[in-house]
Amino acid sequence: MLFLVAALLLFGAVLGTVAHAPLTFTAVAAAVIVGWLGIFALRERHARRHSSTH
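Parameters at a glance
Residues numbered from 1 in each chain as written. Predicted model: local features only at pLDDT ≥ 70, side-chain atom pairs only at ≥ 80, totals over all residues. Heavy atoms only, no water. Helix = DSSP H or I, 4+ residues; strand = E, 2+ residues; numbered from the N terminus. Buried < 20%, exposed > 50% of the residue type's maximum accessible area, 1.4 Å probe, protein only. Areas by Shrake-Rupley, 256 points an atom, 1.4 Å probe, with all protein chains shown as cover. Expected span 1.5 Å × (residues − 1). Phe/Tyr/Trp six-rings, centres within 6.5 Å; stacked < 30°, edge-to-face > 60°. Patch = residues over 30% accessible without salt bridge, like charges linked within 9 Å, V, L, I, M, F, W, Y side chains within 5 Å. Salt bridge = Lys/Arg side-chain N within 4 Å of Asp/Glu carboxyl O.

1. Some remarks on the overall build of the protein
Across its full length, the protein carries two helices and zero strands. Principal axes of the C-alpha set define a box for the protein whose edges measure 50 × 35 × 5 Å. Here the protein, with 54 residues, has 0% of them falling under the buried criterion. For the protein, the computed accessible surface area is about 5,200 Å², with 76% contributed by carbon and sulfur atoms.

Put into structure tokens, the structure is as follows:
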């Protein structure tokens, strides 16, 4: 429960910051995050395919 409260507080702080940031900065930051998450997902998928044979 404490984790959920901390996550919601952090989420609110991030959204408040994005609301005051310029649109171009927000778009660039979003693109970087999407790219990082995409790379992470591909690496996880690759790792699970190779480790599932054990």
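2. What about helix α2 (residues 23-51)?
Given a rise of 1.5 Å per residue, 29 residues ought to cover 42 Å, and the 42 Å separating the end C-alpha atoms of α2 matches this to within 8%. The buried fraction of α2 is low, at zero of 29 residues.

3. Some words on the packing of aromatic side chains
Tallied over the full model, the rule gives one aromatic pair. Between tryptophan 36 and phenylalanine 40 the ring centres are 6.2 Å apart and the planes differ by 25°, which places this aromatic pair in the stacked class. With tryptophan 36 and phenylalanine 40 both in helix α2 and four residues apart, this pair spans about one turn of that helix.

4. Comments concerning a nonpolar patch on the surface
Together, Met1, Leu2, Leu4, Val5, Leu8 and Leu9 make up an exposed nonpolar region whose accessible area comes to about 710 Å². Tracing the chain through its elements places leucine 2 in helix α1 (residues 2-20). Looking at leucine 2, the relative accessible area reads 69%, which means it is exposed.

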